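Each chain, written out:
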Amino acid sequence: MNVEKFQESMYQLIVETSTNLPKDVRRAVKKAKESENAGTRAALSLGTITNNIQMADENISPICQDTGLPTFKIKTPVGVNQIKIKEAIYNAIEQATKDAKLRPNSVDSLTGKNSGNNLGGGTPVIKFDQWEKDYIDVRLILKGGGCENKNIQYSLPCELEGLGRAGRDLDGIRKCILHSVYQAQGQGCSAGFIGVGIGGDRSSGYDLAKEQLFRSVEDVNPNEDLRKLEDYIMENANKLGIGTMGFGGETTLLGCKIGVMNRIPASFFVSVAYNCWAFRRLGVTIDPETGDIQEWLYQDGEKVEFVNDAEKETAAASEEQTNVVHLKAPITEEQIRELKVGDVVRIDGRMYTGRDAIHKYLMDNDAPVDLNGQVIYHCGPVMAKDEDGNWTVKAAGPTTSIREEPYQGDIMKKFGIRAVIGKGGMGPKTLAALKEHGGVYLNAIGGAAQYYADCIKKVDGVDLTQFGIPEAMWHLNVEGFTAVVTMDSHGNSLHADVDKSSLEKLAQFKEPVFK
Ligand code: SF4
């Protein structure tokens with residue numbers, strides 16, 4: 001095999017997967033967008049998402065800054081050297097990371113040290129199968145942490161919140177799948193896709209669930225029972241009203257694919273792999289002699305346009321009518337107390353990034369800058385340094401905020417921080433601190449990494465780089481950075497409200513459907 005050419009093909013596959021959402025996924029997102037009522041928070045979020053998808057296309061930049069744990073599934077004809085294939089993939093991954101198409105995401109599990117090139121024990125994941133065909137089939141999925149953390153595995157029989165007992169039958173499986181959508185809420189950047197694996201053991205069950213994510217969104221399950229179940233889930237999960245980003249709305253789920261395998265009599269697992277709207281998986285077929293790409297997979301059909309010119313004008317007009325509150329740091333307590341859940345906020349000026357390492361650090365140390373009245377952005381950006389040593393932001397969407405729950409309230413009070421921006425909302429400890437101190441939580445649109453990178457006009461500085469690029473404290477100068485108030489200083493939380501109402505709706509699915 002021409003290994004050099006194969007490496008080039010793998011590089012193309014990685015770049016396309018990170019920057020160009022597959023057409024079957026685009027069609028599902030477009031359908032969801034068309035089903036939302038204009039002017040709602042869900043419509044606003046889907047508008048930002050589709051804008052972001054188009055910007056990623058045009059800039060050839062990551063759709064979302066979290067490019068996940070790259071996972072390759074490869075089928076080779078007998079006789080192909082799999083060791084050479086692995087080496088070529090490692091080189092392509094390293095190059096794509098250097099070119100800021102992938103975020104450096106591989107960290108030592110014990111020390112937290114980032115390898116900087118996405119290589120290390122267990123990363124990337126590469127799985128091989130042999131087959132009788134005469135070409136190589138390579139599929140890649142980039143699944144970020146926000147949605148990976150919402151995967152769930154059920155051991156039947158079990159008791160499920162809102163649904164009661166789930167037994168060892170098709171109806172018990174139905175309940176588990178509905179519950180998996182409920183428990184994800186908006187935190188895995190809904191609207192999402194789920195792959196479900198029935199049977200196996202704990203590890204093969206999850207493998208089977210992830211395998212389902214490699215199916216086309218539009219295929220039809222050949223197993224009649226599972227086809228019916230997939231249709232049922234698609235029809236009913238969207239009645240939970242969780243909606244895009246968990247803001248409420250018509251679409252919570254964009255796709256459901258279910259697979260089955262045997263199990264041992266003592267175990268009955270239902271495993272669910274949750275994937276966000278930024279469903280980045282592509283595939284290619286490769287000529288084993290030349291290493292050239294023969295065909296791109298999941299890219300059938302016409303180009304999917306999200307917005308035509310008339311729609312752009314309507315969107316601009318309705319945005320102008322939206323009541324937007326402008327904020328610029330330093331922000332006073334009085335300004336914060338005026339904000340309430342549902343307000344749309346537009347920020348200009350300075351904000352600081354802070355993720356897990358920074359929050360942990362700030363608990364025990366002084367801040368490197370004065371944070372009084374400032375804004376903290378839960379974000380691990382993809383950064384690139386130009387020839388003059390200046391940093392530019394390549395992708396900068398919000399990360400999952402709930403991870404900072406143990407620290408957030410204390411840090412806000414300690415340093416006088418007035419606003420935190422992230423995604424998925426935070427818990428009761430932070431909500432109490434917002435009320436006591438006069439703070440607000442702003443939900444940015446998860447995955448809209450290009451949209452937010454475009455709002456960042458300048459990188460003014462960086463501190464605490466010892467934690468690695470995504471975890472450092474970046475000083476960002478922004479213009480028109482838009483987010484929604486989902487937790488205010490009066491004790492209100494949109495996340496708690498949507499959780500409560502979706503749990504009530506879940507209870508309507510308690511009675512058996514599949515006998
Ligand atoms: S869209 Fe959300 S869940 Fe998906 S990778 Fe990006 S931040 Fe993570």
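For clarity, every value in this text was computed on a predicted model and none was experimentally measured. (Residues numbered from 1 in each chain as written. Predicted model: local features only at pLDDT ≥ 70, side-chain atom pairs only at ≥ 80, totals over all residues. Heavy atoms only, no water.)

Moving on, we come to the overall build of the chain. A count of helices and strands for the chain gives 15 helices and 20 strands. For 515 residues, the compact-globule estimate of 2.2 N^0.38 gives 24 Å, and the C-alpha radius of gyration of the chain, at 23 Å, lies within 12% of that figure. Counting only C-alpha atoms, the chain reaches 70 × 60 × 50 Å along its principal axes. For the chain, buried positions account for 57% of its 515 residues. The contacts in the chain between residues at least 6 apart in sequence include a share of 75% that link residues at least 24 apart. Carbon and sulfur atoms provide 48% of the accessible area of the chain, an area that totals close to 21,300 Å². When the 59 positive and 71 negative side-chain charges of the chain are each reduced to one mean point, those points stand 4 Å apart. (Helix = DSSP H or I, 4+ residues; strand = E, 2+ residues; numbered from the N terminus. Rg over C-alpha atoms; globule rule 2.2 N^0.38 Å. Buried < 20%, exposed > 50% of the residue type's maximum accessible area, 1.4 Å probe, protein only. Contact = heavy atoms within 4.5 Å. Areas by Shrake-Rupley, 256 points an atom, 1.4 Å probe, with all protein chains shown as cover. Lys, Arg positive; Asp, Glu negative; His and termini not counted. Charge placed at Lys NZ, Arg CZ, Asp CG, Glu CD.)

Another point: empty space enclosed by the protein. A complete count under the given rule lists 1 cavity of 30 Å³ or more for this structure. In this structure, the largest cavity encloses a volume near 60 Å³. For the largest cavity, the full set of lining residues is Phe193, Ile194, Gln212, Leu213, Arg215, Ser216, Val217, Gly255, Cys256, Lys257 and Phe279. For the lining of the largest cavity, the elements supplying multiple residues, two or more each, are β7 (192-198) and β8 (253-260). No other element matches β8, which puts 3 residues into the lining of the largest cavity. (1 Å grid on protein atoms, 1.4 Å probe; cavity = no way out; pocket = protein on both sides within 12 Å on 5 of 7 lines; lining within 4 Å. Points joined across faces, edges and corners; volume = space filled by probe spheres on them.)

What follows deals with the environment of proline 77. On the secondary structure map, proline 77 appears in strand β1 (residues 71-77). On the basis of relative accessibility, which here comes to 9%, the residue proline 77 falls in the buried class. In the structure, proline 77 is positioned 54 residues away from tryptophan 131 in sequence and 5.3 Å away in space, judged by C-alpha atoms. When sequence neighbours within four positions are dropped, the list of residues in contact with proline 77 reads Trp131, Lys133, Asp134, Tyr135, Ile136 and Pro288.

On to the pattern of salt bridges. Should the charged atoms of two oppositely charged side chains come close, the side chains can pair. The full count for this structure, using the stated rule, is 30 salt bridges. Between lysine 340 and aspartate 343 there is a salt bridge whose closest N-O contact spans 3.6 Å. Assessed through its relative accessible area of 47%, lysine 340 is described here as partly exposed. As a salt-bridge pair, lysine 500 and glutamate 504 come within 3.9 Å of each other at their nearest N and O atoms. Highlighted residues: lysine 500 and glutamate 504, both in helix α15 (residues 494-506), separated by 4 residues, approximately one helical turn. There is no split in this pair, since lysine 500 and glutamate 504 are both exposed. By sharing partners, the salt bridges in this structure join Arg215, Asp219, Glu230 and Lys257 into a single network. (Salt bridge = Lys/Arg side-chain N within 4 Å of Asp/Glu carboxyl O.)

To continue, consider the site of the ligand. Close contacts around the ligand come from 13 residues, with Cys64, Cys189, Cys276, Arg280 and Lys423 the closest. Of the residues that constitute the shell around the ligand, the class distribution is 6 nonpolar, 4 polar and 3 charged. (Near = heavy atom within 4 Å. Nonpolar A, V, L, I, M, F, W, Y, C, P; charged D, E, K, R; others polar.)

Strand order in the open sheet formed by 4 strands is β4-β9-β7-β8, with mixed pairing between adjacent strands. Taken across any chain shown, the strands that pair with only one partner, and hence form the sheet edges, are β4 (152-155) and β8. Averaged over all pairs of adjacent strands, the angle between strand axes in this sheet comes to 15°, irrespective of strand direction. Here 6 bridges tie β7 to strand β9 (residues 269-275), and the two strands are oriented antiparallel to one another. Paired with glycine 195 across the bridge in β9 is alanine 273. (Pairing = 2+ DSSP bridges. Axes fitted to C-alpha atoms, helices over the stretch in contact; angles between N-to-C directions.)

By the definition in use, this model includes 0 disulfides. Free cysteine: cysteine 147, not disulfide-bonded; nearest cysteine sulfur from cysteine 276 at 3.9 Å. (Disulfide = S-S within 2.5 Å.)

Attention now moves to the domain arrangement of the chain. In terms of domain boundaries, the chain breaks down into domain 1 (1-144 + 279-317), domain 2 (146-277) and domain 3 (323-496). Domain 2 and domain 3 are separated by 32 Å when their C-alpha centres are compared. Facing the 7 residues of domain 2 at the interface are 13 residues of domain 3. Carbon and sulfur atoms supply 62% of the area that domain 2 and domain 3 bury against each other, a total of about 850 Å² over both sides. Interface area lost by domain 2 to domain 3 is led by Gln187, Met245 and Phe247, which between them contribute 59%. On inspection of domain 2 and its partner domain 3, the count reaches 0 salt bridges. One can count 2 residue pairs in polar contact (both at pLDDT 80 or more) joining domain 2 with domain 3. (Domains from an automatic or database assignment. Buried area = accessible area lost by both parts, 1.4 Å probe. Polar contact = N/O pair within 3.5 Å; in protein donor to acceptor, adjacent residues only side chain to side chain.)

Taken as a whole and assessed by the stated rule, the structure comprises 8 aromatic pairs. Aromatic side chains tyrosine 451 and tyrosine 452 sit 5.0 Å apart centroid to centroid with 80° between the ring planes, which places their arrangement in the edge-to-face category. Among the aromatic residues, those joined into a cluster by ring pairs are Tyr377, Tyr451, Tyr452 and Phe481. In this structure, arginine 281 is placed above the aromatic ring of tyrosine 298, and the distance from its NZ or CZ to the ring centre is 3.8 Å. (Phe/Tyr/Trp six-rings, centres within 6.5 Å; stacked < 30°, edge-to-face > 60°. Lys NZ or Arg CZ within 6 Å of the ring centre and 35° of its normal.)

The next point concerns the sheet that holds strand β10 (residues 280-286). The 5 strands lie next to each other as β2-β1-β3-β10-β11, forming an open sheet whose pairing is mixed. Each edge of the open sheet carries a strand with a single partner, namely β2 (125-131) and β11 (293-297). Pairs of neighbouring strands in the sheet enclose a mean axial angle of 15°, with direction left out of account. Strand direction decides the pairing type here: β1 and strand β3 (residues 136-142), joined by 5 bridges, are antiparallel.

Within the largest apolar cluster, 127 residues are counted, with the highest numbers of intra-cluster contacts made by Met10, Phe72, Ile194, Ile233, Ile347 and Phe481. Sequence-distant contacts of phenylalanine 481, that is, excluding residues within four places in its chain, are made with Val345, Arg346, Ile347, Met351, Tyr377, Ile421, Ala444, Tyr452 and Cys455. Grouped together as the second largest cluster of nonpolar side chains are 19 residues, Ala367, Ile411, Met473 and Met487 included. (Core = buried A, V, L, I, M, F, W, Y, C linked by side-chain atoms within 4.5 Å.)

Let us look at the pairing of strand β12 (residues 324-328). Summarising the sheet, β12 and strand β13 (residues 344-353) pair through 5 bridges and their orientation is parallel. Within β13, the residue paired with lysine 328 across the bridge is aspartate 348. For the segment spanning β12, helix α10 (residues 333-338) and β13, crossover handedness is right-handed. (Right-handed = clockwise from strand over helix to strand, strands pointing away.)

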